[in-house]
There are 2 protein chains.
Amino acid sequence: MHPDHPTAQRALEAALELFSRRGYAAVSMGDVAGALGIKAPSLYKYFAGKEELYAALLPLLDRHYAELWASAAEAQSQLERSLGPAGLLASGQLERETFAWFRPELDDPQAGCLRRLMALGPLGPAPGPDPDRWLWREPLALYEGWFQRLIAREVLRRGDPHVMAVEYLAPLFRLLAMADRADPDALAEEALRHIRQFHRIFALRAPRPAPRLFRR
Amino acid sequence: MHPDHPTAQRALEAALELFSRRGYAAVSMGDVAGALGIKAPSLYKYFAGKEELYAALLPLLDRHYAELWASAAEAQSQLERSLGPAGLLASGQLERETFAWFRPELDDPQAGCLRRLMALGPLGPAPGPDPDRWLWREPLALYEGWFQRLIAREVLRRGDPHVMAVEYLAPLFRLLAMADRADPDALAEEALRHIRQFHRIFALRAPRPAPRLFRR
DNA sequence: TCCGTTGGCGAATGGCTAGTAGCCGTTCAC
DNA sequence: GTGAACGGCTACTAGCCATTCGCCAACGGA
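Definitions and cut-offs
Residues numbered from 1 in each chain as written. Chains lettered and ligands numbered in written order. Predicted model: local features only at pLDDT ≥ 70, side-chain atom pairs only at ≥ 80, totals over all residues. Heavy atoms only, no water. Contact = heavy atoms within 4.5 Å. Buried area = accessible area lost by both parts, 1.4 Å probe. Salt bridge = Lys/Arg side-chain N within 4 Å of Asp/Glu carboxyl O. Polar contact = N/O pair within 3.5 Å; in protein donor to acceptor, adjacent residues only side chain to side chain. Helix = DSSP H or I, 4+ residues; strand = E, 2+ residues; numbered from the N terminus. Nonpolar A, V, L, I, M, F, W, Y, C, P; charged D, E, K, R; others polar. Buried < 20%, exposed > 50% of the residue type's maximum accessible area, 1.4 Å probe, protein only. Near = heavy atom within 4 Å. Least-squares fit on C-alpha atoms with pLDDT ≥ 70 in both.

Participant: Would you take a moment to explain the interface of chain A and chain B for this structure?
Facilitator: Where the parts come together, the accessible area they lose is often given as the size of the interface. Listed by partner, the interface residues are 32 residues for chain A and 32 residues for chain B. Taken together, both faces of the contact between chain A and chain B bury some 2,700 Å²; the carbon and sulfur share is 59%. Counting the surface chain A buries against chain B, the share from its top three residues, L123, R174 and Q197 of chain A, is 21%. If you look at where chain A meets chain B, you find four salt bridges. In this structure, the salt-bridge partner of R181 of chain A is D132 of chain B, at a minimum N-O distance of 3.1 Å. Counting across the interface, chain A meets chain B through 12 residue pairs in polar contact (both at pLDDT 80 or more). Contributions of two or more residues to the side of chain A that touches chain B are made by α1 (6–22), α8 (131–152), α9 (161–177) and α10 (184–202) of chain A. Considered class by class, the residues forming the side of chain A that touches chain B number 16 nonpolar, five polar and 11 charged.

The following block contains the structure:
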């Protein structure tokens, strides 16, 4: 009756949408109930109060982002394995790795709600999940380590892996933040331009044959 | 008595701080008044209502960002003039140009409030100023044009100026967004690492003397 | 000295909101 | 069949909030 009842699930979806769009304080229990076609008191059958309703959303955030970066890590090691012992990095490989998490995150409306809710940060009654962790520490550590390994294997050009990770991820996060106002395909297209430029800059190319000093 | 009275000014400062930190709906007129040491009814001597108080903050945002990007444009053309006809770009010059607007924006607490208020976006009663414009369209157009000119003058390496501008600005904006939770000097230090890496990648160096094929 | 203005106050009003209590039709296990 | 649990409702309370009103103390010019 409490947590997994279908009505409770629908209430969670509606609450996520409303809280993320208007903020905790500006959403009344009546608003949430109205989105389900019921009246406010009925919500109290499923949640002890407004704060509990909000609190029930927070684990969704942690779970979503934990899975997101797990999928990114998976795509990374898959790419790494496919490189072989002394591989070159193709632009399409880098794109495939990133789009493995970026494109679903860009298209999923629920992911957009979770992102907005995260961005609202400390506006709710509870502190909420840590944007610094999920949007920076975790993904930065992931990409920093990955770039470091790719540099060590001479797949990428030498550079500060931390700065590289920031410069790689920050433009992508900017596009995600625009996802509810812009065409996803246009955003994906711009992500592609960014990824390609990053590749052009940092990917090592096949060593040129040593120049012959004399022709023929 | 209405707009420029000292008490009205203090009310605007307090409202900016409170609205930006807790959001419009969660701040009461009593909260704002309390921050000035007066009671709620007195606020109505200066503002017709809560919405007018909020609305009075919006021009501050437009003005602040208009001045911000104007100062960036000024620093850019100053750097451009100092390059001379066929100049090389020193890392310190790029840093000086950027820090002309970045460092004040990083340190000024009022700028931080304005940034948070802008980030709250459409949570207030009025639509508010456009974050896409002030945080992306304006600065991107500025840096895009600048990079384009620097590429044309062979100061910067060839590349997509739009992507370059995004890759230059997005990491800086990330640091600004962290400004109320982190040490400003540490953030400035990281900005510096970013600027230096960007310079290392994109700045053209003096053409090396042609390699001699035989030593001595 | 006196009177208008300024800048504040407490009290009252009306609306909205979270949360409670109790009622009622439906379903379903027994 | 029937009774209990389910899932919804209406009605109600208490409290907060924006806003209004009328009052008052201080001040400053005539």
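Back to the text.
Participant: What should I look at first to understand the pattern of salt bridges in this one?
Facilitator: Two side chains with opposite charge may pair up if their charged atoms get near one another. All names here are of chain B. Counted according to the given criterion, the structure contains 24 salt bridges over all chains. Put simply, D31 and R22 hold a salt bridge, and the shortest N to O gap is 3.5 Å. For R149, the salt bridge goes to E80, with nearest N and O atoms at 2.8 Å. Here R149, found in helix α8 (residues 131–152), pairs with E80, found in helix α5 (residues 58–83); they are 69 residues apart in sequence, far enough to count as distant. Judged by its relative accessible area of 11%, E80 falls in the buried class.

Participant: Looking at this structure, I do not really get the protein's contact with DNA strand C. What am I missing?
Facilitator: In the vicinity of DNA strand C, 15 residues are found, and the nearest of them are K50 of chain A together with H5, K39, S42 and Y46 of chain B. Counting only atoms of DNA strand C within 4 Å of the protein, the sugar-phosphate share comes to 62%. Contact distances for DNA strand C include 3.2 Å between a phosphate oxygen and a side-chain N or O atom of Y44 of chain A. At a separation of 2.9 Å, a phosphate oxygen of DNA strand C approaches a polar backbone atom of K39 of chain B. Looking at the surface near DNA strand C, its residues break down into seven nonpolar, five polar and three charged.

Participant: Looking at this model, I keep getting lost on the protein's contact with DNA strand D. Mind explaining?
Facilitator: Within the structure, DNA strand D sits among 17 residues, and H5, K39 and Y46 of chain A together with Y44 and K50 of chain B are positioned closest to it. When atoms of DNA strand D within 4 Å of the protein are split into backbone and base, the sugar-phosphate part holds 68%. Separating a base oxygen of DNA strand D from a side-chain N or O atom of K45 of chain A is a distance of 3.0 Å.

Participant: Would you take a moment to explain the relation of the copies chain A and chain B for this structure?
Facilitator: One copy of the chain maps onto the other through a rotation about an axis followed by a shift along the same axis. Rotating chain A by 180 degrees and translating it 0.0 Å along the rotation axis places it on chain B, where the RMSD comes to 0.0 Å. These values place the two chain copies in the arrangement generated by a two-fold rotation axis. Taken as a fraction of all interface residues of chain A, those also at the interface in chain B reach 100%, which identifies the copy contact as same-surface.

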